[in-house]
Structure formats: structure tokens, C-alpha cells
Amino acid sequence: KSLGEARRRLQDEAVLARVSAALETLFADENLSLARLARKACLPARDVSVAINRATGLNVSQFVNNRRVAEACRLLDETGKSATTILFEVGFSTKSNFNREFRRVTGTNPRQWKARDKAHLLCLVMGLILLPERNKLETSSNHNPVQEGA
């Protein structure tokens, strides 16, 4: 039994690798279907669906939307584009579905995601600004004129 499970797990991983590779060129298509994804991966649609479900616990739509949300997060972090512009670029056709899926995947909404990023960047920038000052203070407080005269 466990040998069969191990074999099935390996098969699922192989299917997932092919599907993930195919998804890289297809995820932004708002009309993407299981049939088209399976064709691109050169696999039967049923095998794709079953493997995704078994390996990830997600249905095909959730699996595709995870990739879309990952790209949306990258674009929110790396560009000045609005969430509305991004949602269409990554393959969502409605704002409500984008927001629902974004929250499911990240636990937050796009506005909070961007605020989190700005807060994180602000902390990094402030740390870089304050760090040299702190280092100067540490250096001057370690300055011991008695040791210099010896």
C-alpha cells in the first residue's frame, strides 16, 4: 500500500511540475480553462485535476489563482501600478473575485498588502538612515584616550 502511495505521490509531483511550467505562460489569460491548461501540459484534464487536488488540496481554479495572486503581489511590490490595473494583467476579470482570492491566498487585501510593504520599506530605510548614526556613537563611546597615549 505505501509503495503505491509513494508511486502516486511521485506521479502527482511530475504532473504538477508539467502543469506549473505550462501555467507560467497561461496564468494571465482570464479565459484559461482546465482543458487548455491540460493541453499545454500534454496531459489528460482528469489527470491534471486529480493531481492538483491530491498534491495541494486545492481545486484547479484555486491553484491557478494562487499563481495569479503571487504575480499580483510581485507587481504590487515592484511597480507603482494600481491594484485595478494589476488584477486584469494577472488574469482576473472582476475586482470582487480578485479581492476574494487575494484574501484567501495572502490573508489580507491588496491595499493592506501595499501598506505592509511600505511599512516594511520605511523600516528598512529608517534602519539604514539611523544605523550610521548609531555606529558613530558606538565608535566614539569606545574611544579611550588613555589607551591612545600608551
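First, a word on what this report is: a plain description of the structure on this page. (Residues numbered from 1 in each chain as written. Predicted model: local features only at pLDDT ≥ 70, side-chain atom pairs only at ≥ 80, totals over all residues. Heavy atoms only, no water.)

Comments concerning the overall build of the chain
Inclusion rule: Strands here are runs of E lasting at least two residues and helices are runs of H or I lasting at least four, both read from the DSSP assignment and numbered beginning at the N terminus. To sort residues, take the accessible area from a 1.4 Å probe on protein chains only and compare it with the maximum for the residue type: under 20% means buried, over 50% means exposed, and anything in between is partly exposed. Residue exposure ignores everything except the shown protein chains as possible cover, and the areas themselves are Shrake-Rupley values with a 1.4 Å probe.
For the chain, the count of helices and strands is eight helices and zero strands. Start at the N end of the chain and walk to the C end: the helices and strands fall as α-α-α-α-α-α-α-α. Per-residue burial over the chain gives 27% buried out of 150 residues. Carbon and sulfur atoms make up 56% of the accessible area of the chain, which amounts to about 9,800 Å² in all.

Observations regarding unusual backbone geometry
Phi is positive for Cys42, close to 60°, though the residue is something other than glycine. Mapped onto the fold, Cys42 is located in the loop between α2 (34–41) and α3 (45–56). In this structure Cys42 comes out as exposed when scored by relative accessible area, which is 61%.

Regarding the nonpolar core
The condition that has to hold: The criterion is simple. A nonpolar core is a set of buried Ala, Val, Leu, Ile, Met, Phe, Trp, Tyr and Cys residues joined through side-chain atoms within 4.5 Å. Contact definition: two residues touch when any of their heavy atoms are within 4.5 Å.
Membership of the largest hydrophobic core comes to 30 residues, with the highest contact counts inside it found for Val19, Leu23, Leu37, Ile52, Val90 and Phe102. Take this core: its biggest share by element is eight residues, from helix α4 (residues 60–78). Once residues within four sequence positions are removed from consideration, Ile52 is found in contact with Leu16, Val19, Gly57, Leu58, Asn59, Val60 and Phe63.

Some thoughts on the side chain of Arg67
Within the secondary structure, Arg67 sits in helix α4. Residue class for Arg67 comes out buried when judged on its relative accessible area of 19%. If sequence neighbours within four positions are ignored, Arg67 has contacts with Leu23, Glu24 and Phe27.

Comments concerning the side chain of Glu101
For clarity, the cut-off: Between N or O atoms, a polar contact is any pair within 3.5 Å; within protein, one atom must be a potential hydrogen donor and the other a potential acceptor, and residues adjacent in sequence are included only when both atoms are from side chains.
Within the element layout of this structure, Glu101 appears in helix α6 (residues 95–106). Owing to a relative accessible area of 9%, Glu101 belongs among the buried residues under this scheme. At 3.3 Å, the side chain of Glu101 forms a polar contact with the side chain of Asn65. When residues no more than four places from it in sequence are discounted, the contact partners of Glu101 are Gln62, Asn65, Val69 and Phe92.

Focus on the packing of α4 against α6
Condition: Here an angle of 0 to 180 degrees is reported between the N-to-C directions of two axes, which are lines fitted to C-alpha atoms, with helices fitted over the stretch in contact. Angle categories: roughly parallel below 35 degrees, roughly antiparallel above 145, roughly perpendicular from 65 to 115, and oblique for all the rest. All amino acids are sorted into three groups, where Ala, Val, Leu, Ile, Met, Phe, Trp, Tyr, Cys and Pro are nonpolar, Asp, Glu, Lys and Arg are charged, and the leftover types, Gly among them, are polar.
Put simply, α4 and α6 touch, their axes get as near as 9 Å, and they point 90° apart. For the element pair α4 / α6, the angle class is roughly perpendicular. Each of Gln62, Asn65, Asn66, Val69, Ala72, Cys73 and Leu76 in α4 lies in contact with α6, whose residues at this interface are Asn97, Phe98, Glu101, Phe102, Arg104, Val105 and Thr106. Looking at the contact of α4 with α6 residue by residue, the class counts come to seven nonpolar, five polar and two charged.

So, helix α1 (residues 2–26)
Keep this limit in mind: One less than the number of residues in a helix, times 1.5 Å, gives the span that helix is expected to have.
With 25 residues, α1 extends 35 Å between its outermost C-alpha atoms, agreeing within 8% with the 36 Å of an ideal straight helix rising 1.5 Å per residue. Taken together, the buried positions of α1 are occupied by Asp12, Val15, Leu16, Val19, Ala22, Leu23 and Leu26. Those residues of α1 that are buried are in contact with α2, α3 and α4.

Some words on α2
Quick note on the threshold: The directions considered for the arc are those from the helix axis to the C-beta atoms.
Of all the positions in α2, only Leu37, Ala38 and Ala41 are classed as buried. Within α2, the buried residues cover an arc of 100° as seen down the axis, which keeps them to one side.

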